[in-house]
Amino acid sequence: MSEWYMNEGKDNDVVLSTKACIVRNIKGYNFMPRLDDKECKSLLETIDKAIDKNKYTGGCAADFDKQTILRLTRLQILGRESNQMATPERKAFYYNDDVSLSIAVGSGEHLTVKAMAAGHDISVYKQAEKEALDLESKLDIAFSENYGFLTSHVRLAGTGLKILYTVSLPAISKTEGGIAALTQRVSQYEWAIYPFAERGEIADSDVYIISSVNTLGVTEDEVLKKGEMLIADVIKAERALREEIATSKKDQSEDIYGRSYGTLKYAGMISRSEALQALGWLRLYHEYDDSGDIKVSCNTINKLTMDILWEPDAPSKKSSQSAASQKYRAQGIKKILKGDD
Amino acid sequence: MRCERCGKELTNRIIKINGVTYCENCARLMGYDRFLNDPADFLGNPFSQLDEIASSLMQMNELDFGNSTLTCPKCGMTLREFETEGRVGCIECYNTFNNNIVREMFKQQGNSEYAGRLPAQSADTDAETSDVPQTKKAAASKTIEMEIPEKAEEPVKETKAPAAKSGKGGLTLDQLMKADLGMLSDEDLEKGIKVAAEAEEYKLASRLRDELKGRKEGGDNV
């Protein structure tokens, strides 16, 4: 079965992926920061019994080999932070065939149910909710009438729900004041926008994450509907600016588009930020290229973008800038672009 | 106790100058740094308010911290740990630090009341992925794709612009968009304005109009 981000998603010219995360904790156990190793082992066993093994594979992270860790990082189950796999014996990960659904145990909260889809697809909420409901019926979940689902991070208490849209905004980023105006717009919806980067990393692309903030005082339905209104606004704004750039600066845009494709296709070595910049230009002008010389689909641009963004090495680390890793990256890009020809 | 200048909780020392409590950092920024390491220096300064300063340099463990020593009876988490980390250790912490947690919730979300679904009950939502209209260019391309089977014998480039958007015997919308306006005849420009206006491409229409106007006024429009 193909992996989730290989699917052709809706509005995939702007939205790379949609994710729904639901966090829960179990009564009778301290939250993760105050859970000793013995209790943690017992928690992992309790949750393991509740997981539907016909649907999910995986288990304790200490049993994962290096290949599995790399695959799960690339498929966005594991974060790229080096501390993600610290104390693996205190963590477990379960995932379905195409890795679109996952259950993380011990990553911040006892349980994190995550559903992911390529492009713009809010149905991920229903998928995550279905899995959360199943676990809620089998486990004794920490819940208070006043504060909802109780979590170790107070900012998640309530619905324990986060909706995240990963978006690529080359046109808004290249427009003076574009991101500032967008940030203002996003905050009007009481949502947040931040550049794609993990702790200690440098944001080196035009990829942003638009995330829900409120878990209290709002229903799940309100969060979803607000998010849909917001993302529609973002998509419209990005497309309008792409059109503006592509038509008002047609010659320059066409030139950079061609050069960017050439760099990606023929470079023998390429840095992460150079590759991401080039992919931003491919995305920006892709729809306006009438020459027919460059054959690359939105899905391929997305796959390349996500592969590079979720490379296990962070951009601030020397290893990702080394000659060997630049060469390896260039070879991977060439291979994927060749498949589109 | 907090620094009255920056609001930061005091961790090891407090410095009280002229009745105002500072943290070490603020005291340094206020220019009192030379007195922090060795109070004797301060005492030797003829311009200082000796008694006040000397009595204010106290260790934090001698001070009354009020609620900051509050500890969860179940997991042992202290209020200070909660304030530093933003996380609680167990369910009981929600009772122990209730006031502080509610304050934190208000600070972060402007609300502290739960409105979501109950455990094991589905949320009542009919939210669906909204349809975002494509740009005019993309919409046009889709129309063309659908039209291709009927016009299969025509070259693809010719079918790029919808027939409705092409001028009678004139240039298509796509051709107009790509055209060097200086190379178009007056007649092409006039027809182009109509084509662009019909297609609601007002920017293009105004560029064509300006080009035509410039020629009629005798300007070279460079």
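Focus: the sheet that holds strand β10 (residues 207–212) of chain A
All names here are of chain A.
Then step 1. Pairing is antiparallel across the open sheet formed by eight strands, whose spatial order is β2-β3-β4-β5-β1-β8-β10-β9. Only two strands of the sheet have a single partner each, and these edge strands are β2 (57–60) and β9 (191–195). Sheet twist, expressed as the average angle between the axes of neighbouring strands with direction ignored, equals 20°.
Then step 2. As paired strands, strand β1 (residues 15–24) and strand β5 (residues 109–118) are joined by eight bridges and run antiparallel to one another. The residue bridging Cys21 from the neighbouring strand is Lys114, located in β5.

Concerning the interface of chain A and chain B
Then step 1. Listed by partner, the interface residues are 51 residues for chain A and 37 residues for chain B.
Then step 2. Elements supplying a minimum of two residues to the side of chain A that touches chain B: α3 (124–138), β6 (143–144) and α6 (220–248) of chain A.
Then step 3. Here the side of chain A that touches chain B gets twelve residues from one element, more than from any other, and that element is α6 of chain A.
Then step 4. Split by residue class, the side of chain A that touches chain B holds 18 nonpolar, 16 polar and 17 charged.

Considerations on α6 of chain A
Then step 1. With 29 residues, α6 of chain A should reach 42 Å at 1.5 Å per residue; the first-to-last C-alpha distance of 42 Å fits that figure.
Then step 2. The set of residues buried in α6 of chain A consists of Glu220, Val223, Leu224, Gly227, Leu230, Ile231, Val234, Ile235, Glu238, Arg239, Arg242 and Ala246 of chain A.

Digging into the packing of helix α8 (residues 272–285) of chain A against helix α9 (residues 298–309) of chain A
Residue and element names in this part refer to chain A.
Then step 1. Put simply, α8 and α9 touch, their axes get as near as 10 Å, and they point 155° apart. Classified by the angle their axes make, α8 and α9 are roughly antiparallel. Of the two possible hands of crossing, α8 and α9 adopt the one that is left-handed. Mapping the contact onto sequence places Arg272, Ala275, Leu276, Leu279, Leu282 and Arg283 in α8 and Ile301, Leu304, Thr305 and Ile308 in α9.
Then step 2. Partitioned by chemical class, the residues of the contact of α8 with α9 number seven nonpolar, one polar and two charged.

Section: α3 of chain A
Residues and elements named next belong to chain A.
Then step 1. Spanning 15 residues, α3 covers 22 Å between terminal C-alpha atoms, matching the ideal 21 Å at 1.5 Å per step.
Then step 2. Three or more residues of α3 are buried, namely Val124, Tyr125, Ala128, Glu129, Glu131, Ala132, Leu135 and Glu136. End-on, the buried residues of α3 take up no more than an arc of 165°, which puts them together on one face.
Then step 3. Those residues of α3 that are buried are in contact with β1, α1 (37–50), β4 (101–107), β5, β8 (161–168) and α6.

Re unusual backbone geometry
Then step 1. Positive phi, normally seen in glycine, also occurs at Gln76 of chain A, with a value near 70°.
Then step 2. Its place among the elements puts Gln76 of chain A in the loop between α2 (66–74) and β3 (92–95).

Quick notes on the packing of helix α7 (residues 250–266) of chain A against α8 of chain A
Residues and elements named next belong to chain A.
Then step 1. In contact at an axis separation of 8 Å, α7 and α8 are set at 135° when each is read in the N-to-C sense. The angle between α7 and α8 places the two elements in the oblique class. Taken as a pair, α7 and α8 cross one another with a handedness that is left-handed. Touching Ser253, Glu254, Ile256, Tyr257, Ser260, Tyr261, Thr263 and Leu264 of α7 are Ala275, Ala278, Trp281, Leu282 and Tyr285, all from α8.
Then step 2. Split by residue class, the contact of α7 with α8 holds nine nonpolar, three polar and one charged.

What counts and what doesn't
Residues numbered from 1 in each chain as written. Chains lettered and ligands numbered in written order. Predicted model: local features only at pLDDT ≥ 70, side-chain atom pairs only at ≥ 80, totals over all residues. Pairing = 2+ DSSP bridges. Helix = DSSP H or I, 4+ residues; strand = E, 2+ residues; numbered from the N terminus. Axes fitted to C-alpha atoms, helices over the stretch in contact; angles between N-to-C directions. Contact = placed C-beta atoms within 7 Å. Nonpolar A, V, L, I, M, F, W, Y, C, P; charged D, E, K, R; others polar. Expected span 1.5 Å × (residues − 1). Buried ≥ 20, exposed ≤ 12 C-beta atoms within 10 Å, placed from the backbone. Parallel < 35°, antiparallel > 145°, perpendicular 65-115°, else oblique. Left-handed = near helix turned anticlockwise from the far one by under 90°. Arc of directions from axis to C-beta.

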